[in-house]
Amino acid sequence: MFLKSEGYGAWNGVGTKANSPGDADVLILGIPFDGGAGGQRGAAFAPGRVRSMTGRLKSTSRRGDDLSSIRILDIGDVDVSTFDAMKTFDAIECSCSAVLDGTDSTLVSIGGDHSVTHPILKAVAKRGRTGVIWFDAHPDLLDTYHGFSFSHGSALRRAIETTEIRPTDCLLVGTRAYEQEEMPYIKRTGIHELPSDELLFDTGALERFRRGVEDISRRVDHLYVSVDVDVLDPSCAPGTGTPVAAGIPVSVLLKMIESLPISVRAFDIVEFAPSLDVSNITIASVLGIIGEIFANVHREGKTSVTKGGAL
Ligand SMILES: [Mn+2]
């Protein structure tokens, strides 16, 4: 229906192949679309590049946890329309709705520029109050970008304005590149923020991240975690369309993913442009992020944040 291909049989050796979506711990969905990017393109090729490199993933986490029993199913790519962004966004929303209806497993979408997150969030937000953790150098809160309301520069703003997602249930992480209108919007709406500078230089920043996520988790039914790889310093992720200096190292990002509670409904990894990569640095970071997501999904005995607790 909305998917143009079955999974490619990659991911062998990482975990256990699930037979159906209902049987899976993790569902992988590729989104090969970069028509919402204003800078250099190439994020459409991320799903294929990641699949081709999954042989480098380990069946243990970086802390040595055994991940071999995690059940993974790659359900293929969304059938995008290269020359029609709005049609593509509809296909993404429909695909994600169909996937989320059929299973409680964690959805991990790979690829696309950040414009693809808005339609995913539309599907997720219909299924319960949604908290959003947005790892990104940019806040993506522009009303329009080059006259377009649904580009990668407006993704979070459109999500806030067109879904039930509340600004105060959103946390920006690693931000450091703003347009004039974005700072007042953050202050006016009450979006939470942990900028890159604080993560790099304040010793209590990781604890503030953990507490911030916990506070949001208490108010919502589930979390959505969006990872724009340009949150990373360009030394860890040169392969992206709009790299920004003074980002966080990948180790700090993985530490934050490690501390996420169990109620994450879906993750995305966006803005990885393989053609802009250098010496496979960015794919190494992306595989690290995927491994950490698998460890997060798999971890047993993890403390789940109880909804309805005091703030
Ligand atoms: Mn972004």
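Heads up: the structure comes first, above all this text.
Structural notes, computed from the coordinates. What you are looking at is a predicted structure, and each value in this text was computed from that prediction instead of being measured.

### Structural notes on the overall build of the protein
When you go through the protein residue by residue, the secondary structure sums to nine helices and nine strands. The C-alpha radius of gyration of the protein comes to 18 Å, within 12% of the 19 Å expected for a compact globule of 311 residues. In terms of overall dimensions, the protein has C-alpha extents of about 50 × 45 × 40 Å along its principal axes. Of all 311 residues assigned to the protein, the portion counted as buried reaches 57%. Taking as baseline every contact in the protein between residues at least 6 positions apart, the subset at least 24 positions apart corresponds to 78%. For the protein, the accessible area works out to roughly 12300 Å², and carbon and sulfur atoms hold 51% of it. Within the protein, the 41 negative side-chain charges are centred at a point lying 3 Å from the centre of the 31 positive side-chain charges.

### A few points about the packing of aromatic side chains
Applying the stated criterion across every chain yields a total of four aromatic pairs. Measuring from ring centre to ring centre gives 6.0 Å for Trp11 and Phe294, while their planes differ by 55°; the resulting arrangement is tilted. With Trp11 in the segment before strand E1 (16-17) and Phe294 in helix H9 (residues 281-298), the pair connects residues that are 283 residues apart, well separated along the chain. The pair formed by Trp11 and Phe294 is uniform in burial state, with each residue classed as buried.

### Description of the coordination of the manganese ion
Summarising the metal site, the manganese ion is bound by the protein donors His114 (ND1), Asp136 (OD), Asp140 (OD) and Asp228 (OD), whose distances to it range over 2.0 to 2.2 Å. When its relative accessible area of 5% is taken as the criterion, Asp140 is described as buried.

### Topic: the nonpolar core
Counting residues in hydrophobic clusters, the biggest one holds 52 residues, and the most contacted among them are Trp11, Ile133, Phe135, Phe209 and Phe294. Residue contributions to this core peak at eight residues, all from H9. Apart from the residues lying within four places of it in its own chain, the contact partners of Ile133 are Leu171, Val173, Phe209, Val213, Ile216, Leu223, Tyr224, Val225 and Ser226. Residues Ala85, Ala159, Tyr185 and Val270 belong to the second largest nonpolar core, which totals 40 residues.

### A short note on unusual backbone geometry
At His146, a position not held by glycine, the phi torsion is positive, near 50°. Assignment of secondary structure puts His146 in the loop between strand E5 (130-135) and helix H4 (155-162). Assessed through its relative accessible area of 70%, His146 is described here as exposed. Positive phi, close to 50°, is recorded for Ser279, a residue that is not glycine. Assignment of secondary structure puts Ser279 in the loop between strand E9 (264-270) and H9. The exposure class assigned to Ser279 is exposed, which follows from its relative accessible area of 68%.

### Focus on the pairing of strand E3 (residues 71-77)
In terms of burial, E3 is a largely internal element, six of the seven residues being buried. The pairing of E1 with E3 spans two bridges and is classified as parallel. Bridged to Thr16 within E3 is Arg71. Bridge count between strand E2 (residues 26-30) and E3: four bridges; the pairing is parallel. Counted as the bridge partner of Gly30 is Asp77 from E3. Each parallel crossover has a hand, and for E2 linked through helix H1 (residues 46-52) to E3 it is right-handed.

### Remarks on the side chain of Arg51
Of note, Arg51 is situated in helix H1. Assessed through its relative accessible area of 7%, Arg51 is described here as buried. At 3.4 Å, the side chain of Arg51 forms a polar contact with the backbone oxygen of Gly76.

### Considering the state of the cysteines
Per the stated rule, a full pass over the model turns up zero disulfides. Counting only cysteine sulfurs, Cys94 is the nearest neighbor of Cys96, a cysteine outside any disulfide, at a range of 9.6 Å. Of the residues examined, Cys96 reaches a relative accessible area of 0% and is grouped as buried.

Conventions we followed
Residues numbered from 1 in each chain as written. Predicted model: local features only at pLDDT ≥ 70, side-chain atom pairs only at ≥ 80, totals over all residues. Heavy atoms only, no water. Helix = DSSP H or I, 4+ residues; strand = E, 2+ residues; numbered from the N terminus. Rg over C-alpha atoms; globule rule 2.2 N^0.38 Å. Buried < 20%, exposed > 50% of the residue type's maximum accessible area, 1.4 Å probe, protein only. Contact = heavy atoms within 4.5 Å. Areas by Shrake-Rupley, 256 points an atom, 1.4 Å probe, with all protein chains shown as cover. Lys, Arg positive; Asp, Glu negative; His and termini not counted. Charge placed at Lys NZ, Arg CZ, Asp CG, Glu CD. Phe/Tyr/Trp six-rings, centres within 6.5 Å; stacked < 30°, edge-to-face > 60°. Donors = N, O, S within 2.8 Å, 3.2 Å for Na, K, Ca; no water. Core = buried A, V, L, I, M, F, W, Y, C linked by side-chain atoms within 4.5 Å. Pairing = 2+ DSSP bridges. Right-handed = clockwise from strand over helix to strand, strands pointing away. Polar contact = N/O pair within 3.5 Å; in protein donor to acceptor, adjacent residues only side chain to side chain. Disulfide = S-S within 2.5 Å.

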